[in-house]
Amino acid sequence: MNPSNFHSIGTPGQPWGEAEKAVWLSHQARKRSYETDVLSVIDRLRERFDVSEYGRLDYALESFPLFAIRSRNWREDLPYALVTGGVHGYETSGVHGALQFVDLHAADYEGRANLLVVPCISPWAYERIHRWNPFAIDPNRSFRENSPAPESAALVKLVAPLRDRFLVHIDLHETTDSDESEFRPALAARDGKPFDPQGIPDGFYLVDDSEHPQPEFQKAVIDAVAKVTHIAPADAKGEIIGSRVTSPGVIEYALKKLGLCAGVTNAQYKTTTEVYPDSPRATPEQCNAAQVAAVRAALDYSLAHDR
């Protein structure tokens, strides 16, 4: 198939203008409820954790409050840990895995770490099961000062006073079949570029920071998740989604340079999880459990190796 045929909006070879973005936006329909799925769970956690509104997204006639969950007994002498989910709204287990971790396991770290959990960074996209915000912007390329994405700007502002305090940050994501069938073709069309299929890896993998790699930390997370779900193998080129595999289930990106969420702090230990929910070998419950296992392993390793 000719790459120009992969997406219906726009003219091949020409980036989208405002008219094309408006057409794209008109196709986005609400498919699930942030209030029902996420806010109701956060409300139940208020008895045990501190919950604060750190921002609000106002899009047309819709308004979405943004919430962060914190350890109740916050102590300045403890290490700081950040868990983020829902940067891409369609990546469901990132949101629900973060909430499940708080509900079932956050109390285990009482007196050991100050936990800051932001479970759903992109609620508009969560409701539409999409990667972008209403401006056709990917929040996960926008975590920088003067961000064009309000979702990203709100998180940057939240963590800025604590940026140098964090020991560990784990950002929860998924790689789905829709990446190849919908989102990457849309990205190519938006930017006026040809679509280059890369294939979807079958299994869980991690993205380390190429500028400050922590291979033993990544291995500890992979080993923990392997008990819950399968790890993605490298392809015939020794790559996963076009990046060289540095160790089983691990690739590297320049997190800060690319404006990725996992680079929003100066934490020593950073990783991005990638669950594969479309695998015939994985269930939604497994995907959530894999995210929880990854968070726990990341916390346990970083706390054990804190200097």
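Now for a quick tour of the structure. (Residues numbered from 1 in each chain as written. Predicted model: local features only at pLDDT ≥ 70, side-chain atom pairs only at ≥ 80, totals over all residues. Heavy atoms only, no water.)

### Details of the side chain of Thr265
This is how it is decided: In DSSP terms, a helix is any run of H or I states spanning at least four residues, a strand is any run of E spanning at least two, and both are numbered starting from the N terminus. Only protein chains enter the accessibility calculation, which uses a 1.4 Å probe. A residue is then buried if its area is under 20% of the maximum for its type, exposed if over 50%, and partly exposed in between. Side-chain atoms alone can form a polar contact between residues adjacent in sequence; in general such a contact is a pair of N or O atoms within 3.5 Å, and within protein one must be able to donate a hydrogen while the other accepts it. Note on contacts: a residue pair qualifies if any of its non-hydrogen atoms lie within 4.5 Å across the two residues.
Structurally, Thr265 can be placed in the loop between β9 (250-253) and β10 (269-275). You can call Thr265 buried: its relative accessible area is 0%. Looking at Thr265, its side chain comes within polar contact range of the main-chain nitrogen of Ala267, at 3.1 Å. In contact with Thr265, other than residues within four places in its own chain, are Leu82, Arg163, Phe166, His169, Lys256 and Lys270.

### Some remarks on helix α6 (residues 177-191)
To keep it simple, the criterion reads: Any helix carries an expected span of 1.5 Å times its number of residues minus one.
Compared with an ideal rise of 1.5 Å per residue, which puts 15 residues at 21 Å, α6 spans 21 Å between its outermost C-alpha atoms and is within 8% of the ideal. When we look at burial in α6, the residues that qualify are Asp179, Glu180, Phe183, Arg184, Pro185, Ala186, Ala188, Ala189 and Arg190. Buried residues along α6 sit in contact with β5 (166-174). Note on α6: the residue one or two positions beyond its end, Gly192, has a positive phi of about 70°.

### A look at the pairing of strand β1 (residues 50-59)
Consecutive side chains of a regular strand alternate in pointing toward one face of the sheet and then the other. Heads up, the condition is: Strands are treated as partners if at least two bridges between them are detected by DSSP.
Pairing of β1 with strand β2 (residues 62-70), which is carried by nine bridges, proceeds in the antiparallel orientation. Each residue of the ladder has a partner; that of Tyr59, found in β2, is Glu62. As consecutive antiparallel partners, β1 and β2 are separated by two residues, and within that stretch Ala60 has a phi angle of approximately 55°, a positive value.

### Quick word on the pattern of salt bridges
The test is simple: The term salt bridge refers to a side-chain nitrogen of Lys or Arg lying within 4 Å of a carboxyl oxygen of Asp or Glu.
Applying the stated criterion across every chain yields a total of 16 salt bridges. Salt-bridge contacts for Arg72 lead to Asp50; the nearest nitrogen and oxygen are separated by 3.0 Å. Remark: Asp50 occurs in strand β1 and Arg72 occurs in the loop between β2 and β3 (80-85); sequence separation between them is 22 residues. Look at Arg72 and you get partly exposed, because its relative accessible area is 35%. Note on Asp50: relative accessible area 32%, which makes it partly exposed. In this structure, Lys270 engages Asp209 in a salt bridge whose closest nitrogen and oxygen atoms are separated by 3.6 Å.

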